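# Breakdown of the fold
Given next are the chains, with one letter for each unit.
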Amino acid sequence: MIEGISIYEILTLTTIIFFIGIYGFITRKNLISILISVELILNASVVNFVIINKYLYPDVLQGVFFSIFIIAVAAAETALAVSIIINLYRQISSVEVKDTETMKY
Amino acid sequence: MERYIFYTVAFIMIVFAIASVSSRKMLRSVIYLLFVLMGIAGIFFLIDYNFLAAIQLTVYAGGIIVLMIFSVLLVHHIEMELEMAKTSRKILTAIASLIGISVVLFTIYSNDFESVSIAKTTTTTEIGEGLLSYEAGGFILPFEVISVLLLAAMIGAIIIAKGKKLEPTKDETK
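Residues numbered from 1 in each chain as written. Chains lettered and ligands numbered in written order. Predicted model: local features only at pLDDT ≥ 70, side-chain atom pairs only at ≥ 80, totals over all residues.

It is worth spelling out the environment of Phe-44 of chain B at this point. By secondary structure assignment, the location of Phe-44 of chain B is in helix H2 (residues 26-46). For the pair Phe-44 of chain B and Glu-114 of chain B, spaced 70 residues apart in the sequence, the C-alpha separation amounts to 21 Å. With residues up to four places along the chain from it excluded, the contact list for Phe-44 of chain B reads Val-50 of chain A together with Tyr-49, Leu-52, Ala-53 and Gln-56 of chain B. (Helix = DSSP H or I, 4+ residues; strand = E, 2+ residues; numbered from the N terminus. Contact = placed C-beta atoms within 7 Å.)

Here the focus is helix H6 (residues 140-162) of chain B. Taking 1.5 Å as the rise per residue, H6 of chain B with 23 residues should run 33 Å; its terminal C-alpha atoms sit 33 Å apart, in good agreement. Remark: Gly-163 of chain B follows H6 of chain B within two positions and exhibits a positive phi of approximately 75 degrees. (Expected span 1.5 Å × (residues − 1).)

On to unusual backbone geometry. Leaving glycine out, the prevailing phi sign among residues is negative, and the prevailing peptide bond configuration is trans. With a phi angle near 75 degrees, Asp-48 of chain B is a residue other than glycine that sits in the positive phi range. Here Asp-48 of chain B is to be found in the loop between H2 and helix H3 (50-75).

Here the domain parsing of chain B yields domain 1 (1-80), domain 2 (84-111) and domain 3 (122-163). Computed over C-alpha atoms only, the centres of domain 1 of chain B and domain 3 of chain B are separated by 24 Å. (Domains from an automatic or database assignment.)

Listed as interface residues are 62 residues of chain A and, on the opposing side, 70 residues of chain B. Those elements that place two or more of their residues in the side of chain A that touches chain B are helix H1 (7-27), helix H2 (31-56) and helix H3 (62-92) of chain A. Counting residues per element, the side of chain A that touches chain B draws most heavily on H3 of chain A, which supplies 20 residues. Split by residue class, the side of chain A that touches chain B holds 40 nonpolar, 14 polar and 8 charged. (Nonpolar A, V, L, I, M, F, W, Y, C, P; charged D, E, K, R; others polar.)

Right under this line is the structure:
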């Protein structure tokens, strides 16, 4: 644990980052920007898992394993999303949300 | 000393997170996200989980950011400015987010966490043994499932990004 920093301060930080991600998710109009906001949200939750593991249950490692799995799923999700965006750009020449009406193959 | 490092990292992360969701230039927004991710790796280093910090740096800063920069460069001009939401909608969303932050913070601060302070460094060996053990509390099944998921995502990404060129094998022979 960090010297002089309680769990409340770190949870405050992750809460703020999480809601910044949600703000971006709602206000952005571009698929790649939405992907960036999703990354912010996922990272805030990863830090939460790790912090709660370290501060409350330092003798087990469950939070670390879950955050490794979250990072792996996030990587897979980003790769798929980027490929979908590139394919969509080839077909409709735009990555704006309002132009994305046909995603049916 | 660690206290001041944490406050600096937290300040940098919040500022760059806000910049990342409000910047009008796509590529800058991705680079600001890179700073946030590196700040998170810094927090992992501070709480002594070195392996997770290394994963964070390699997977996120090395992999995902490069992927996003590629996709931005493939679908945009570098200097293209983004269309933004309406101001009223922005303000409404900001108010909703602030309400959300206050509700969550109220819940966190009204809960009494019992912190245990054991200064124990987690080695990579322990993480590896935990991931591969098949006894109670082991994570061998999710580990294998994740490997299959990554393989499926890789093949799926290749097939989706290739688009329609995959199917007509007859046309290539003509």
